[in-house]
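Observations on the model geometry
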Amino acid sequence: MVLVFSYSSKSYHTHKQIPPYYQLELQGLNNRITNELSDFSGSGYIEKQVNRFRRQWALQGVSVAVVKDEKLVYAQGFGSANEKEELVQPGNLFRVASVSKLLTAVAIMKLVEENKLKLDDTVFGPKGIIKDSIFNKVRDKRIYKITVRQLLAHSGGWSQRYGDPAFNSLTVAKKVGDEAPATIQSYYKFIASRRLSFYPGSRTSYSNMGYMLLGAVVATVSGEPYENFLQDNILIPNGITDMHLGNSYQKNKRENEVCYFETEGSLLVPEYTGSGKMVEKSNGGNPVELLGAAGGWICSAIELARLITYIDGEPGVKDILKPASILEMTDNTYAKGPLGWKTTFNNGNWIRTGSMAGTSAMIKRMDDGLTWIFISNTSSWKGSLLANDINSLMAKICHKVKDWPKQDLFNYYPIHTLPLARSN
């Protein structure tokens, strides 16, 4: 029997299939897991350390998930999910900023495995994947050399010497003569009219814009919108039913999505729509939908943890990518990788971080069978450097807690909601 999962969203489709694990899978992992399921002998210590960390960095809410040997052994929320000070639950959705890049890399590798593209395919121009007429004439012909791999590895040729174009969409629109809000076409015009900072593949420079363009690559090659491709082919078929692209405004957040908080004294910025209004960066200041493949996803720590078990190269849970693809993603050869991950080490430790106004997130997969996810609905004045402190916090916790629960919350179903046995 194949079950059909219907959900209400602003995406383009409904009624997508998920595997027939249990009838309760229709409710989704985020609806089944609650805080009290992670009470164990080490809970008090973890709570003390996380809440101390929250106070230190003024983080309103935090969600932590720990996987051991591909089992979800711990999932806990701390602090406030919103202005009502409702306690964070494991199923709350958070913006995860650049963690989104990991999803984009998985999508690209899936298309590679389906022989729909190659990592060394060129991206722009008449002979590239994106054949938009904008690229028929470019200022710097080196743009025709940019490959999919180079976009994934931040070696496409752009630098942030004059700021990050992805977070300056008003400026991009103005420079190319478009009315705000900027679109992906605006960015096509922008890169076609500018010189590259370096020859593609010769070095690296972190590029959110490169990953925004990868979203267009996924859509072009797959023939469906970027979000839909991931949901239909990667997420929902593996029981991950509640990951979505987010919205730029908190008034449009999903029912189980947290509110976002910035550091005290944060400056207002012009609304990304070009209205002239001054707004919070986390509430209309950043074009979350446009960031998309670079930083637009929202998800829970537990569904993110589930996704990691499918791409971690461990033997227990069957991965959704081939070993060669996972090796490609984690290869840390300079200017060629890693792909999607922020940093990978030869000892088996892989890291992905995410940071933007109202968000701090980090994933760490370790060589001892542990993987942890830490997400907050608050940004810090340290910005992306807060990841170093998150890493220290979680290292302290993982060193102290030797005996994690034996449970696997990925397969937890509340007894009172199990279907009744059918009588003859």
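Our subject in this report is the structure included herewith. (Residues numbered from 1 in each chain as written. Predicted model: local features only at pLDDT ≥ 70, side-chain atom pairs only at ≥ 80, totals over all residues. Heavy atoms only, no water.)

Structural notes on empty space enclosed by the protein
To keep it simple, the criterion reads: Cavity: a set of points on a 1 Å grid over the protein atoms alone where a 1.4 Å probe fits but cannot get out. Pocket: an open set with protein on both sides within 12 Å along at least five of seven lines, its lining residues, like those of a cavity, having an atom within 4 Å of a point. Grid points are joined across faces, edges and corners, and a volume is the space filled by probe spheres set on the points. Helix and strand definitions here come from DSSP, where helices need a minimum of 4 consecutive H or I residues and strands a minimum of 2 consecutive E residues; each element is numbered from the N-terminal end. The classification used treats Ala, Val, Leu, Ile, Met, Phe, Trp, Tyr, Cys and Pro as nonpolar, Asp, Glu, Lys and Arg as charged, and all other residues, Gly among them, as polar.
Considering all chains together, one arrives at two cavities of 30 Å³ or more under this definition. Roughly 50 Å³ of internal volume is contained in the largest cavity. Together, Thr 353, Gly 354, Ser 355, Ser 360, Ala 361, Gly 383, Ser 384, Leu 386, Ala 387 and Ile 390 line the largest cavity. At the level of elements, β11 (350-356), β12 (359-365) and α12 (386-400) are the ones that each hand at least two residues to the lining of the largest cavity. Here the residues of the lining of the largest cavity sort into four nonpolar, six polar and no charged. As a volume, the second largest cavity reaches approximately 40 Å³. In terms of residue class, the lining of the second largest cavity is made up of four nonpolar, four polar and one charged.

What to know about helix α2 (residues 100-113)
The test is simple: Expected helix span is given by 1.5 Å per residue-to-residue step, counting one fewer step than there are residues.
For α2, with 14 residues, the first-to-last C-alpha span of 20 Å sits near the 20 Å given by 1.5 Å per residue. Following α2 by one or two positions, Asn 115 has its phi on the positive side, about 60°.

Observations concerning the state of the cysteines
Quick reminder of the rule: Cysteine sulfur pairs qualify as disulfides if the two atoms are within 2.5 Å. Working definition: with a 1.4 Å probe on protein chains only, accessible area under 20% of the residue-type maximum means buried, over 50% means exposed, and in between means partly exposed.
Evaluated as defined, the whole model comprises zero disulfides. For Cys 259, which is in no disulfide, the shortest distance to another cysteine sulfur is to Cys 299 and amounts to 17 Å. Assessed through its relative accessible area of 7%, Cys 259 is described here as buried. Looking at Cys 398, it has no disulfide partner, and the nearest cysteine sulfur is the one in Cys 299, 19 Å off. On the accessibility criterion, Cys 398 (14% relative accessible area) is buried.

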